[in-house]
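Analysis of the macromolecular model
Next come the chains, spelled out residue by residue.
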Amino acid sequence: QVQLVESGGGLVQAGGSLRLSCAASGRTFSNYNMGWFRQAPGKEREFVAGITWSGSSTNYADSVKGRFTISRDNAKNTVYLQMDSLKPEDTAVYYCAAARLGVVVFTQVGSYPYWGQGTQVTVSS
């Protein structure tokens, strides 16, 4: 089992940037594909970005493509989400998640058995 802890959330003005980090422990980090999801009040949890175990493949939701960048450092057991040009509609709790090793990025919530506790991101207009 892998444990995940997110950090880096906060309050930012529209157009600003934040970088989220997710530190993993417990199992070999490079054995897992990683994903970022978000959940706004009253809405379902949705896929934001994902990266394969090696970092060779990434995938993004259309709503964040060109603004967000996911990356990972397997030596530091950490996955990152760089968020630029933030919009008020990006406001949500952001969750880091881990899935079994795969050659493609998983985009479904159900594909990820391990989750962090979430970090709040609030973008003011």
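Predicted model only: the values in this text are computed from it and were never measured.

**Let's talk about the packing of aromatic side chains**
Given two aromatic rings, one states the distance between the centres and the angle between the planes to describe the pair. Overall, the coordinates contain seven aromatic pairs when judged by the stated rule. Residues Phe37 and Tyr112 carry aromatic rings whose centres are separated by 5.1 Å and whose planes lie at 75 degrees to one another, so their mutual orientation is edge-to-face. Note that Phe37 is positioned in strand S4 (residues 32–39) and Tyr112 in the loop between strand S9 (92–100) and strand S10 (114–115), a separation of 75 residues in sequence. Across this residue pair, the class does not change: Phe37 and Tyr112 are buried. Plain terms: the ring middles of Tyr95 and Trp115 are 6.4 Å apart, the flat faces sit at 80 degrees to each other, and that makes the pair edge-to-face. Of this pair, Tyr95 sits in strand S9 while Trp115 sits in strand S10, and the two are 20 residues apart along the sequence. Three or more aromatic residues joined by ring pairs form one cluster here, namely Phe37, Phe47, Tyr95, Phe106, Tyr112 and Trp115. Over the face of the ring belonging to Trp115 we find Arg45, whose NZ or CZ atom lies 4.8 Å from the ring centre. Over the face of the ring belonging to Phe29 we find Arg72, whose NZ or CZ atom lies 4.3 Å from the ring centre.

**Focus on the sheet that holds strand S7 (residues 68–73)**
Read across the sheet, four strands follow the order S1-S3-S8-S7 without closing on themselves; strand pairing throughout is antiparallel. The open sheet terminates on both sides in strands that have one partner only, identified here as strand S1 (3–7) and S7. In this sheet, neighbouring strand axes are inclined to one another by 15 degrees on average, regardless of whether the strands run parallel or antiparallel. Relative to strand S3 (residues 18–25), S1 runs antiparallel, the two sharing five bridges. The residue bridging Val5 from the neighbouring strand is Ala23, located in S3.

**Quick word on the environment of Trp115**
For Trp115, a relative accessible area of 26% gives the class partly exposed. Taking the C-alpha atoms as reference, Trp115 lies 9.6 Å from Trp36; in sequence the two are 79 residues apart. Leaving out residues up to four positions away in the same chain, Trp115 has contacts with Leu4, Phe37, Arg45, Tyr95, Cys96, Ala97 and Val109. At 2.7 Å, the side chain of Trp115 and the backbone oxygen of Tyr112 are in polar contact.

**Describing the state of the cysteines**
If you walk through the whole model with that rule in mind, you get one disulfide. Two residues, Cys22 and Cys96, share a disulfide whose sulfurs are 2.1 Å apart. Between Cys22 and Cys96 the disulfide shows an S-S torsion of about -75 degrees. By sign, it is left-handed. Within this pair, whereas Cys22 is found in strand S3, its partner Cys96 is found in strand S9, the two being separated by 74 residues in sequence. Assigned by exposure class, Cys22 and Cys96 land together as buried.

Conventions we followed
- Residues numbered from 1 in each chain as written.
- Predicted model: local features only at pLDDT ≥ 70, side-chain atom pairs only at ≥ 80, totals over all residues.
- Heavy atoms only, no water.
- Phe/Tyr/Trp six-rings, centres within 6.5 Å; stacked < 30°, edge-to-face > 60°.
- Helix = DSSP H or I, 4+ residues; strand = E, 2+ residues; numbered from the N terminus.
- Buried < 20%, exposed > 50% of the residue type's maximum accessible area, 1.4 Å probe, protein only.
- Lys NZ or Arg CZ within 6 Å of the ring centre and 35° of its normal.
- Pairing = 2+ DSSP bridges.
- Axes fitted to C-alpha atoms, helices over the stretch in contact; angles between N-to-C directions.
- Contact = heavy atoms within 4.5 Å.
- Polar contact = N/O pair within 3.5 Å; in protein donor to acceptor, adjacent residues only side chain to side chain.
- Disulfide = S-S within 2.5 Å.

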